[in-house]
Structures are given as C-alpha cells and as structure tokens.
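Topology and contacts: notes
In case you want the letters, here they are:
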Amino acid sequence: MPSSTSPDRGDDLEACVLRFSDLDLKDTSLINPINSLKAELDVNTKKKYSSAKKKAFALFVKTKEVPALSYKCKEIWWKCCQQLFTDQTSIHRHVATQHADEICHQTASILKQLAVTLSTSKSLKSADKRDPLKEYLTGNREVSALLPDISCFSPDELISGQGSDEGEVLLYYCYRDLEDPHWVCAWQTALCQHLHLTGKVRIATEGINGTVGGSKLATRLYVEVMLSCPLFKDYLCKDDFKTSKGGACCFPELRVGVFEEIVPMGISPNKISYKKPGIHLSPGEFHKEVEKFLSQANQEQRDTILLDCRNFYESKIGRFQGCLAPDIRKFSYFPSYVDKNLELFKEKRVLMYCTGGIRCERGSAYLKAKGVCKEVFQLKGGIHKYLEEFPDGFYKGKLFVFDERYALSYNSDIVSECSYCGAPWDQYKLCSTPQCRQLVLTCPACQGQGFTACCVTCQDKGSKPAPGPTQNSFKEECECTARRPRIPSELAQQAPLCRSPEPRPGVGEDGP
C-alpha cells in the first residue's frame with residue numbers, strides 16, 4: 001500500500017467510524033476486489049475510494065494500539081505480529097508491507113456496502129419505520145459513549161491483580177445479528193484498552209466471541225458494560241460469562257478483529273446459521289444423560305453418541321468418559337468429518353459438547369441439517385460450566401484453553417501420558433524447535449534427557465541454526481501433521497472409549 005494512503009496522526013478511529021456511520025461492513029468474502037469494484041461503482045462512489053482505503057488502514061492500526069510500558073507516559077505504542085512499535089512511521093510501514101491483504105479486504109467491504117447503501121438510501125428514507133436500537137446507536141456513534149467511568153479508580157487498581165493467581169480470565173460468546181461489526185470492533189478495542197485487558201475478541205455479523213484477561217476489577221467492569229450495552233443486554237446474562245484464575249499475563253497482546261464467523265467452522269453463516277442449533281441441556285440435564293449413556297451395558301445397541309466437538313489435542317488431556325473424540329486438528333475440519341462419517345450418526349441421539357458451548361452452536365446446526373440423527377443435544381455453557389457444577393463428575397482430566405495457561409484443572413485425574421516414556425503426564429509445552437508451533441507432552445524426566453521436541457524431525461532440526469526470514473515455512477513440516485489424516489474415518493460402531501491419537505498435538509486457531 002503506498003504511503004500516501006496512510007492516515008495522519010489526527011485521523012483517529014472515531015472519525016473513521018463517524019464518517020462511515022451508515023455503512024454495514026459485513027462483506028468479508030472479497031479477495032483482491034479493487035478492479036471489479038471500481039467497475040461497479042458510480043462516479044460519486046469512486047471518489048470515496050481513497051478515503052475508504054485510508055479509513056480501513058486507520059482502523060487496522062488503531063486496533064494494534066497498546067499503552068506505553070511506562071504508565072506515567074501518555075504515548076501510544078503498537079503491538080502486531082509479536083513486535084512492538086514505538087513510533088507511528090514504523091507501524092504504518094509494517095502494516096503496509098505485511099497486512100496489505102487485510103487492508104484491501106476491509107476497503108472492499110466499505111466500498112461494496114457503500115454502493116449498496118447509496119442505491120437503497122431513497123427507499124430507506126421513504127420507509128417510516130423506527131428502530132429504537134438503531135436510533136440509539138446512530139445517535140451515539142462515539143466509542144467513548146459506551147466506556148465505563150473509571151475516574152474513581154487509580155491506574156494501579158485496574159492494573160494490580162493481573163497475575164495468574166490474583167487476576168481473572170473471562171470466556172463468553174453471544175450469537176446475535178450485528179449490522180455494524182466494525183463499529184463493535186472499534187468499541188471493543190477501546191473498551192479493552194480502557195480497562196487494560198488483553199486477550200482475543202472475534203466479531204462478525206453473527207455475534208461476538210471473547211476471551212479476555214485482567215484484574216478482577218477490570219473484568220467486573222467489562223461484564224457490567226456488556227450487560228448494559230443495548231446491543232447485547234437482551235441476549236447476554238451474567239451466567240454466560242465463564243471465569244477462571246488468570247489475568248492479562250495469560251495473553252501476549254490484545255487482538256480484536258472482524259471475521260466472517262465468530263468461531264471458524266469454515267462454512268458461511270448464511271448457509272449454516274446459529275439460529276437452528278441442537279437442544280440445549282443444562283449441566284445437570286447433561287450429567288443425567290451421560291449417566292444414562294454410560295449405564296447402557298451393550299455398547300453395540302446404544303442409540304446415543306457422546307460427541308466431543310473439540311480438536312484432538314484438547315480431548316487428549318481431558319474428556320467425558322465413553323466419548324467419541326474426532327482426531328481432527330481444527331474445528332474447520334468438523335463438517336468434513338461429519339460428512340465422511342455420516343453413517344455413524346444415522347438414527348442416533350447425539351450429545352455434543354465443547355469448551356464453552358460456542359462450537360456446538362453451529363456444529364449441532366450442521367449435524368441437524370444433515371437430517372440423519374434422531375435428536376441432537378448440546379451442553380449449555382460447555383465443559384467449563386459442567387465442571388463448575390460437577391468437578392468430580394463424568395469429565396476426567398484437564399480442560400484445554402487457548403491461552404498461555406494451556407489447561408485448567410478441576411480434578412486430580414490424568415488421562416494422557418508422556419509422548420516419550422508413557423508416564424502419566426498432561427502438561428503441554430511448545431515444541432523446543434523455534435519454528436514449530438506444535439504442543440508436546442513430555443514429562444520432567446524426559447525433558448531432562450533433552451526430549452523437548454514434538455517429533456524426531458523437529459528434534460533433529462531444533463539443533464540446527466534457524467533458517468532466518470523463511471522460518472515460518474517450517475511450520476507444517478514435522479511428522480506430527482504429515483502422519484495424521486486430515487479427515488479421519490471412524491469404525492462402523494462407536495469405540496467404547498475416546499481415542500488418544502499417536503501424533504502430537506499442535507496449536508490451533510479455534511475458540512472455545
């Protein structure tokens with residue numbers, strides 16, 4: 001992207017949102033759209049192209065802002081791709097050279113929606129229909145209007161207690177249609193920065209999915225704001241927020257972005273909607289169903305499948321007794337797994353579960369759409385809520401989480417083993433080869449012998465100098481991914497216990 005498109009210092013996010021307040025920035029399916037879009041737009045809209053590109057750039061840069069390391073310093077720094085930028089020129093150069101596709105993507109969304117808005121504006125003006133929520137939002141476009149008042153707290157009060165023993169991590173999601181996800185993105189970025197929260201927040205036209213960490217004061221204020229926001233107050237309740245010990249230290253940075261899906265299943269929400277999920281069961285109801293399922297002595301005649309919707313490296317260290325845990329590496333493989341093993345689900349009652357419930361929302365909708373199951377149920381609140389109520393129930397082992405803690409412990413059961421010696425072990429570490437992102441289970445004794453890589457390939461390459469700028473190319477080159485079928489095929493009948501796959505696990509991009 002030419003430097004002339006970079007925004008000026010004063011060209012901030014709120015100005016960007018205000019000038020494009022009538023746009024519904026929800027089209028994220030365009031790739032390299034500039035030429036085709038220019039051909040479609042009228043003359044007046046073409047004139048706005050340069051401005052739209054600047055705003056897209058400004059919005060992206062704004063989401064990377066972090067406070068300077070010294071809290072007495074009022075300067076703003078930026079963090080992106082694990083790098084810290086202390087001046088505006090360097091972050092602009094980085095974004096222009098490394099994130100051109102994202103900028104183009106966002107510019108395309110603005111332009112295409114602008115074209116639609118212009119063509120329908122007359123009909124919209126003529127329709128005398130009042131929407132109180134829309135009126136509220138259009139009348140309060142300032143991001144600061146939905147930020148909590150923290151004037152009665154000192155910075156130390158908000159920041160103290162961010163450690164893993166004193167702070168807190170929030171996990172939540174909310175499916176509801178959002179007309180302007182980019183505005184929500186700007187607000188969430190400002191809100192998290194305002195409260196010194198780190199973590200990941202995914203926003204789409206179908207809703208929001210967040211995992212944020214900070215002090216208990218900061219997380220409490222965050223929940224209060226979410227529950228009072230007109231966009232979410234009728235859809236969220238306090239019980240929808242799962243909490244665990246942690247803090248800002250559990251995440252390397254704050255990442256807030258707009259995506260097509262709030263959890264990546266790989267299928268457009270327009271095709272499989274969250275509005276047609278399975279039947280929600282409370283932890284108590286799910287517990288009774290699992291108890292009934294396990295009491296069925298004849299496994300061949302069971303009419304129920306207890307299905308783990310998570311990735312294999314999650315179920316490897318913790319799972320429900322008797323579950324079927326697909327050997328898949330990403331949730332985006334789940335639809336293909338269902339398609340390949342559809343015969344397995346015919347005329348079955350399916351009990352689905354995942355970490356916090358979000359993957360089951362659309363995963364159950366996809367399975368229901370196939371029309372082969374008797375019934376499809378899902379655990380409301382996921383394993384997280386189940387373990388709060390039944391820490392010594394039918395779920396054994398640890399609960400995997402997508403942050404630097406890797407797992408939460410609710411019971412003393414260890415269901416996995418060291419990849420090298422077979423001793424009971426369930427504490428993940430990253431492969432010692434710098435270029436690899438696989439997770440490995442290696443006990444202290446084996447670590448002491450130098451067994452710290454995920455496989456022989458990585459163990460060998462780990463002793464060699466890093467290849468430099470092309471190091472990312474090694475990411476998928478180890479035995480762990482090469483040996484695993486992308487989409488496994490199950491046996492005709494359900495296995496009595498969850499499989500523990502041989503290949504070592506890798507870090508995925510799925511949410512809870």
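Now for a look at the structure at hand. (Residues numbered from 1 in each chain as written. Predicted model: local features only at pLDDT ≥ 70, side-chain atom pairs only at ≥ 80, totals over all residues. Heavy atoms only, no water.)

1. Structural notes on the nonpolar core
- Core analysis: the biggest nonpolar cluster contains 36 residues, and W187, L195, Y222, M226 and F232 have the highest contact counts within it.
- Those elements giving two or more residues to this core turn out to be β4 (167–175), α9 (181–194), β5 (198–204), β6 (207–214), α10 (216–228) and β8 (254–258).
- If near-sequence neighbours (up to four positions away) are discounted, Y222 is found in contact with L170, Y172, Q188, L191, C192, L195, L197, V212 and F241.
- With 33 residues, the next largest nonpolar core counts A204, M265, L324 and V376 among its residues. (Core = buried A, V, L, I, M, F, W, Y, C linked by side-chain atoms within 4.5 Å. Buried < 20%, exposed > 50% of the residue type's maximum accessible area, 1.4 Å probe, protein only. Helix = DSSP H or I, 4+ residues; strand = E, 2+ residues; numbered from the N terminus. Contact = heavy atoms within 4.5 Å.)

2. Considering the environment of F390
- Mapped onto the elements of the fold, F390 is located in the loop between α16 (382–389) and β14 (395–397).
- F390 has contacts with P283, G284 and H287, leaving out every residue within four places of it along the chain.

3. Describing the sheet that holds strand β1 (residues 65–67)
- The strand order across the open sheet formed by three strands is β1-β2-β3, and the pairing between neighbours is antiparallel. The open sheet has two edge strands, β1 and β3 (83–85), and neither has a second partner. Shown here is a sheet whose adjacent strand axes are inclined to one another by a mean of 40 degrees, direction ignored.
- With three bridges connecting them, strand β2 (residues 76–80) and β3 associate as antiparallel partners. Note on β3: the bridge partner recorded for W78 is F85. (Pairing = 2+ DSSP bridges. Axes fitted to C-alpha atoms, helices over the stretch in contact; angles between N-to-C directions.)

4. Observations regarding the packing of aromatic side chains
- In the structure shown here, the tally under the stated rule is 19 aromatic pairs.
- A ring pair is formed by F312 and Y313, whose centres lie 5.6 Å apart and whose planes are at 80 degrees; its orientation type is edge-to-face.
- In this structure Y313 comes out as buried when scored by relative accessible area, which is 0%.
- Taken together, F286, F320, Y353, Y386, F390 and Y395 form an aromatic cluster joined through their ring pairs.
- Cation over ring: R302 sits above F293, and NZ or CZ is 4.3 Å from the ring centre. (Phe/Tyr/Trp six-rings, centres within 6.5 Å; stacked < 30°, edge-to-face > 60°. Lys NZ or Arg CZ within 6 Å of the ring centre and 35° of its normal.)

5. What to know about α9
- The terminal C-alpha atoms of α9 lie 19 Å apart, and with 14 residues this matches the ideal 20 Å at 1.5 Å per residue to within 8%.
- Burial of α9 is extensive: 12 of the 14 residues sit out of reach of the surface.
- For α9, the full list of buried residues reads P181, H182, W183, V184, C185, A186, W187, Q188, T189, L191, C192 and Q193.
- Downstream of α9 by one or two residues, H196 has phi in the positive range, about 60 degrees. (Expected span 1.5 Å × (residues − 1).)

6. Comments concerning the packing of helix α11 (residues 283–295) against α16
- Across the interface, α11 lies against α16 with an axial gap of 9 Å and an inter-helix angle of 90 degrees. On the basis of the axis angle, α11 is roughly perpendicular to α16. On the side of α11, the interface is formed by P283, G284 and H287, while α16 contributes K385, Y386 and E389.
- Taken together, the residues of the contact of α11 with α16 break down into two nonpolar, two polar and two charged. (Parallel < 35°, antiparallel > 145°, perpendicular 65-115°, else oblique. Nonpolar A, V, L, I, M, F, W, Y, C, P; charged D, E, K, R; others polar.)

7. Looking at the side chain of D180
- Structurally, the position occupied by D180 is in the loop between β4 and α9.
- The buried category is assigned to D180, whose relative accessible area is 14%.
- Only 3.2 Å separates the side chain of D180 from the backbone nitrogen of W183, close enough to count as a polar contact. (Polar contact = N/O pair within 3.5 Å; in protein donor to acceptor, adjacent residues only side chain to side chain.)

8. With respect to the pairing of strand β12 (residues 349–353)
- Counted residue by residue, β12 has five buried out of five residues, so it is predominantly covered.
- With burial as the criterion, each face of β12 is covered, one bearing R349, L351 and Y353 and the other bearing V350 and M352.
- Two strands pair when backbone bridges link them, and strand β10 (residues 304–308) and β12 are joined in this way by five bridges, in the parallel orientation. The residue of β12 that forms the bridge with D308 is Y353.
- Two strands pair when backbone bridges link them, and β12 and strand β13 (residues 375–379) are joined in this way by four bridges, in the parallel orientation. Counterpart to R349 in the pairing with β13 is E375.
- Once you follow β12 into helix α15 (residues 358–369) and on to β13, the crossover reads as right-handed. (Right-handed = clockwise from strand over helix to strand, strands pointing away.)

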